[in-house]
Amino acid sequence: MEKILEALRKNNMEAYFAEKKEDIPEIVKGLLKKGDVISCGGSVTLSECGVFDLMKSGDYVFLDRSVPGLSREEVEEIYRKTFSADAFITSANAVTREGELINVDGNGNRVAAITFGPESVICIVGKNKIVEDVKEGFHRVKTVAAPKNAQRLGVDTPCKTLGHCLYPDADITKGCRSEGRICAHYTVCGMQRKKNRIKVILCAEELGY
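The rules behind each value
- Residues numbered from 1 in each chain as written.
- Predicted model: local features only at pLDDT ≥ 70, side-chain atom pairs only at ≥ 80, totals over all residues.
- Heavy atoms only, no water.
- Phe/Tyr/Trp six-rings, centres within 6.5 Å; stacked < 30°, edge-to-face > 60°.
- Helix = DSSP H or I, 4+ residues; strand = E, 2+ residues; numbered from the N terminus.
- Lys NZ or Arg CZ within 6 Å of the ring centre and 35° of its normal.
- Pairing = 2+ DSSP bridges.
- Contact = heavy atoms within 4.5 Å.
- Axes fitted to C-alpha atoms, helices over the stretch in contact; angles between N-to-C directions.
- 1 Å grid on protein atoms, 1.4 Å probe; cavity = no way out; pocket = protein on both sides within 12 Å on 5 of 7 lines; lining within 4 Å.
- Points joined across faces, edges and corners; volume = space filled by probe spheres on them.
- Nonpolar A, V, L, I, M, F, W, Y, C, P; charged D, E, K, R; others polar.

Asker: How do you make sense of the packing of aromatic side chains when you look at a structure like this?
Answerer: The relative placement of two aromatic rings is captured by the distance of their centres and the angle of their planes. Applying the stated rule across the entire model yields one aromatic pair. A centroid spacing of 5.8 Å and a plane angle of 55 degrees characterise the contact between F138 and Y186, whose relative ring orientation is tilted. Taken as a pair, F138 in helix α7 (residues 134-153) and Y186 in strand β9 (residues 185-189) lie far apart in primary sequence, 48 residues in all. Above the face of the F52 ring, K56 is positioned so that its terminal group lies 5.9 Å from the ring centre. The lysine or arginine in question, K174, covers the ring of Y167, its NZ or CZ lying 4.4 Å from the ring centre.

Asker: Could you clarify how one ought to interpret the sheet that holds strand β4 (residues 87-91) in this entry?
Answerer: In any sheet, the strands associate via hydrogen bonds between backbone groups, in a parallel or an antiparallel arrangement. Taken together, six strands build an open sheet; the order of strands is β1-β10-β7-β4-β2-β3 and the sheet is parallel. Edge positions in the open sheet fall to β1 (14-18) and β3 (61-62), since each of these has one partner strand only. When strand β2 (residues 37-40) meets β4, the two strands line up parallel, connected through three bridges. Each bridged residue has a counterpart across the sheet, and for S39 the counterpart in β4 is F88. With respect to the sheet, helix α1 (residues 2-10) is in contact with β1 and β10 (198-203), its orientation differing from that of β1 by roughly 160 degrees.

Asker: What exactly am I supposed to notice about the layout of surface pockets here?
Answerer: One way to see where empty space is left: roll a probe the size of a water molecule over the atoms. Empty space within the largest pocket amounts to approximately 730 Å³. Together, 35 residues line the largest pocket, and G42, R65, D105, R152 and L153 are the ones closest to its centre. Per element, the largest residue contribution to the lining of the largest pocket is six residues, and it comes from α7. In terms of residue class, the lining of the largest pocket is made up of 14 nonpolar, 13 polar and eight charged.

Asker: Please explain empty space enclosed by the protein as it appears in this structure.
Answerer: One pass over the structure, following the stated rule, counts two cavities of 30 Å³ or more. Taken as a whole, the largest cavity encloses approximately 100 Å³ of empty space. Lining the largest cavity are A146, T157, P158, C159, C165, L166, G175, C176, R181, I182 and C183. Looking at the lining of the largest cavity residue by residue, the class counts come to eight nonpolar, two polar and one charged. S39, C40, L63, R65, I78, Y79, T82, F88, N109, R110 and A113 are the residues that line the second largest cavity. Only β2, α5 (72-82) and α6 (109-115) provide two or more residues apiece to the lining of the second largest cavity. Tallied by class, residues from the lining of the second largest cavity come to six nonpolar, three polar and two charged.

Asker: I keep staring at the sheet that holds β9 and nothing clicks. Help me out?
Answerer: Read across the sheet, four strands follow the order β8-β5-β6-β9 without closing on themselves; strand pairing throughout is mixed. At either margin of the open sheet sits one strand with a lone partner, and together these are β8 (130-131) and β9. Of the pairings in the sheet, the one linking strand β6 (residues 101-105) to β9 comprises five bridges and is antiparallel in character. Within β9, the position partnered with L101 by the bridge is C189. Strands β5 (94-96), β6, β8 and β9 of the sheet are contacted by α7, whose axis makes an angle of about 35 degrees with β6.

That's the geometry; what it means functionally is another story.
Structure, rendered in C-alpha cells:
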C-alpha cells in the first residue's frame, strides 16, 4: 500500500492511509473546514466508513441529493451546484499500482465532478479496489462493481441478473444497450495538473464494491 500511496503522490494527488474504516471520518474532517459547501457521489463506501454521518453533522453545507421527496429536477440542480462546491467526497471503482484512479458512471455527474469543478475531491478507497493496471481495473468494473451496483439500485440491466457484464473481456466501452445502463462514462485519473486537488484515502480494510 505504501508503494501505491507514493505512486498517487507522484501523480500530484495527496495520499493518506487508514488502518481501519473507523479512522476515515477523522481524516476527512481534517481536509474540510466548518461551513464548507460539500457534496458526494453515490457510494456504499461512504456509508460503511461513517463519512455520511460526518457530512450530515451540521458543520457543513451539505448538498444532499438523497433527501426524501426530491424531484428529478431538484436532484439534477444539486448535481449542477456540486461543480462550485468546496469539496466533493466519493469513492473510486479501482486504483492501480501506478496511482491511477478508475471510475465508471451512468449519469456522468460523479466522474464529471471528480475531473473538474469542486475545489477539492476526497476519494476513499478500500483495499479490495486495488488492481494491477487500467485493464484489470475496467475488468473489475464489468465483473464486480457494475453488477453489484445494478443490484443495489435495482436497475434493469443484464449484469444485474448475470452478475457480470455481457462483454467482460471486450473493449472497456462495449456493453449492453439498456436504458438503465450504469457504465456509460469512463475515466482514468492519472497525472494531475492541479496538484493535490484530489486527495485519496487508502484503507487497509475492504469497503464498498
